[in-house]
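# Tertiary structure, described
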Amino acid sequence: MCRSASPPCSREREDSTVLRTIVRRFGRAAEVVETEEYVPPAPTAGQVRVGMLLASVNPSDLVPIAGAYASRTSLPMVPGFEGVGVVEQVGAGVVGLAPGRRVLPLGSAGAWQQVKTTDAAWCVPVPDWLTDEQAACAYINPLTAHRMVQAHVPPGEGTTVVVDAAASAIGLMLVRMLNQAGNRVVALVRHPRGREQLASVVPELEQEAVLCTADAGWRTRLRERTGPRGHDVVLDAVGGSLGAELAALLAPQGTLVHYGLLSGEPLPADLRTRRPDVNLILFRLRDWVHAVDREQLGLAMHGAFRLVADGVAATAVAAVHDLPDVRRALEADAARGRAGKILLSLR
Ligand SMILES: NC(=O)c1ccc[n+]([C@@H]2O[C@H](COP(=O)([O-])OP(=O)(O)OC[C@H]3O[C@@H](n4cnc5c(N)ncnc54)[C@H](OP(=O)(O)O)[C@@H]3O)[C@@H](O)[C@H]2O)c1
């Protein structure tokens, strides 16, 4: 699994080839992602060269590979929006980052390679109290969950919140955060194994708070739990017919935060017409991260690191694969019912 951090000396790397993943055509990730050797560029002014240690595989990595944003994705590309590495070399004018510093290089793809040369301003230092595995999963889901809850869910039992795909990595974080904030939570899973995952990861959650959409009668039980008024907030990572149904059941003036498309189906186009009273919010971490200044991002990341270390935003890791095995890693990621994230080891 995760090996101890001992970054290679920058001189060793100079002019030598390293390995990276590369996508030359759109398609299913496990079929189109390749590996190749290349000579990483030296950092120019304001840049750093980061020797990557570990990167995570997230749904958001697979979407551009599949060609969903083909018009704004130029090929070839190196995927990976989340990973941790160690600064190996700094370009002119870089202050506050020295070789040996562990960082998350954010703001662009390219985590699935052994060396990422990137803007120093986008590198967030990682505190020593996080392991490499924790750091490799400390950005996308923890920050998204934290931002969505802070912005859209008032704390306390007066707010009933439905979380769908509750056994996904971010679903588990949301359920823990909401439960801790005293909200009345309903966690929806799609198979009985999800129920078991929730019971082991969030044992403090009442059993009746977890509903499986494969069971007949889950809608009746949802009504029983939320009352005739309906729920106040939905945090929806599924979209399609489930997202639409949960929107229809919202209390008057309720809020639906739509942040994922796990069903592969969008929410119905006429949702706003069907429920004009409801607050429909499309949340994309990327938009928030690129809208705030670096200082705000650094502060928010510090909050996310704390939540990871406290366990509220912890991520289970199902397996760590070496970079040359990336296709096997991507097959493992696509398997139903996997028990945690797949990571790529980049040493
Ligand atoms: N908008 C943003 O900025 C943002 C940020 C972070 C995450 N997200 C989104 O949040 C979602 C979850 O991300 P993650 O990293 O937590 O994923 P993940 O845990 O790595 O994988 C998703 C899990 O959800 C389950 N799932 C798949 N299809 C489902 C469906 N139709 N209904 C219910 N569950 C389903 C699968 O588990 P089983 O096979 O066991 O059911 C799968 O393991 C993704 O859509 C992602 O894009 C969005």
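Residues numbered from 1 in each chain as written. Predicted model: local features only at pLDDT ≥ 70, side-chain atom pairs only at ≥ 80, totals over all residues. Heavy atoms only, no water.

### Observations regarding the overall build of the protein chain
Within the protein chain, the regular secondary structure consists of 13 helices and 15 strands. A compact globule built from 347 residues should have a C-alpha radius of gyration of about 20 Å, and the protein chain, at 21 Å, falls within 12% of that. Expressed along its principal axes, the backbone C-alpha trace of the protein chain runs to roughly 65 × 40 × 35 Å. Here the protein chain holds 347 residues, and 53% of them are scored as buried. Summing over all exposed atoms, the protein chain offers an accessible surface of approximately 15,500 Å²; the carbon and sulfur share of this is 51%. Each charge class in the protein chain was averaged separately, 36 positive and 36 negative side chains, and the resulting centres sit 2 Å apart. (Helix = DSSP H or I, 4+ residues; strand = E, 2+ residues; numbered from the N terminus. Rg over C-alpha atoms; globule rule 2.2 N^0.38 Å. Buried < 20%, exposed > 50% of the residue type's maximum accessible area, 1.4 Å probe, protein only. Areas by Shrake-Rupley, 256 points an atom, 1.4 Å probe, with all protein chains shown as cover. Lys, Arg positive; Asp, Glu negative; His and termini not counted. Charge placed at Lys NZ, Arg CZ, Asp CG, Glu CD.)

### Section: the site of the ligand
Around the ligand sit 24 residues in total, of which Ala169, Arg190, Phe283, Leu285 and Lys341 are the nearest. The separation between a nitrogen atom of the ligand and a polar main-chain atom of Tyr259 is 2.9 Å. A distance of 3.1 Å is found between an oxygen atom of the ligand and a side-chain nitrogen or oxygen belonging to Arg338. Of all the secondary-structure elements, those providing two or more residues to the shell around the ligand are α5 (140-152) and α6 (169-180). The biggest single contributor to the shell around the ligand is α5, with three residues. A per-class count over the shell around the ligand returns 11 nonpolar, eight polar and five charged. Mapped onto the domain boundaries, the shell around the ligand takes at least three residues apiece from domain 1 (10-137 + 315-345) and domain 2 (149-286). (Near = heavy atom within 4 Å. Polar contact = N/O pair within 3.5 Å; in protein donor to acceptor, adjacent residues only side chain to side chain. Nonpolar A, V, L, I, M, F, W, Y, C, P; charged D, E, K, R; others polar. Domains from an automatic or database assignment.)

### Some thoughts on the domain arrangement of the protein chain
If you check the domain split of the protein chain, you get domain 1 (10-137 + 315-345) and domain 2 (149-286). At the junction of the two partners, domain 1 supplies six residues and domain 2 supplies five residues. Taken together, the two surfaces of domain 1 and domain 2 that pack against each other cover about 500 Å², and 49% of this comes from carbon and sulfur. Inspection of the domain 1/domain 2 interface yields zero salt bridges. Along the contact surface separating domain 1 from domain 2 lie zero residue pairs in polar contact (both at pLDDT 80 or more). (Contact = heavy atoms within 4.5 Å. Buried area = accessible area lost by both parts, 1.4 Å probe. Salt bridge = Lys/Arg side-chain N within 4 Å of Asp/Glu carboxyl O.)

### As for the packing of aromatic side chains
What the rule picks out here adds up to zero aromatic pairs. The lysine or arginine in question, Arg20, covers the ring of Tyr38, its NZ or CZ lying 4.1 Å from the ring centre. When the ring centre of Trp122 is taken as origin, the NZ or CZ atom of Arg294, which lies over that ring, is 3.6 Å away. (Phe/Tyr/Trp six-rings, centres within 6.5 Å; stacked < 30°, edge-to-face > 60°. Lys NZ or Arg CZ within 6 Å of the ring centre and 35° of its normal.)

### Examining the side chain of His231
Along the chain, His231 falls in strand β11 (residues 231-236). Looking at His231, its side chain comes within polar contact range of the main-chain oxygen of Leu246, at 3.0 Å. Not counting chain neighbours up to four residues away, the residues in contact with His231 comprise Thr160, Val162, Leu222, Thr226, Leu246, Leu249, Leu250 and Ala251.

### Some points on the environment of Arg102
Within the fold, Arg102 resides in strand β5 (residues 102-105). Taking the relative accessible area as the measure of exposure, Arg102 reaches 10% and is therefore buried. The spacing of Arg102 and Gln296 is 194 residues in sequence and 20 Å in space, taken between C-alpha atoms. Polar contacts involving the side chain of Arg102 include one to the side chain of Asp132, which spans 2.7 Å.

### Re the pairing of strand β1 (residues 18-23)
Within β1, six of the six residues are buried, which leaves the element mostly enclosed by the surrounding structure. The side-chain alternation of β1 yields two buried faces, one formed by Val18, Arg20 and Ile22 and the other by Leu19, Thr21 and Val23. Looking at chain direction, β1 and strand β2 (residues 33-38) are connected through six bridges and run antiparallel. By the bridge assignment for β2, Leu19 is matched with Glu37. (Pairing = 2+ DSSP bridges.)

### Some points on the pattern of salt bridges
Applying the stated rule across the entire model yields 16 salt bridges. For the salt bridge of Arg102 with Asp132, the shortest nitrogen-to-oxygen distance reads 2.7 Å. With Arg102 in strand β5 and Asp132 in helix α4 (residues 132-136), this residue pair connects regions lying 30 residues apart in the sequence. Overall, the relative accessible area of 7% leaves Asp132 in the buried class. In this structure, Asp287 and Arg284 form a salt bridge, with 3.0 Å as the shortest nitrogen-oxygen distance. One continuous salt-bridge network, built from bridges that share partners, spans Arg20, Arg24, Glu34 and Glu36.

### What about the sheet that holds strand β10 (residues 210-212)?
Sheet strands line up and pair through hydrogen bonds in the backbone, either parallel or antiparallel. Spatially, β10-β9-β8-β11-β12-β13 is the arrangement adopted by the six strands of the open sheet, whose pairing is parallel. Looking along the sheet, the strands with just one partner apiece sit at the ends: β10 and β13 (279-282). Averaged over all neighbouring strand pairs, the angle between strand axes comes to 15 degrees, with direction disregarded. Bridge count between strand β8 (residues 160-163) and strand β9 (residues 184-189): four bridges; the pairing is parallel. (Axes fitted to C-alpha atoms, helices over the stretch in contact; angles between N-to-C directions.)

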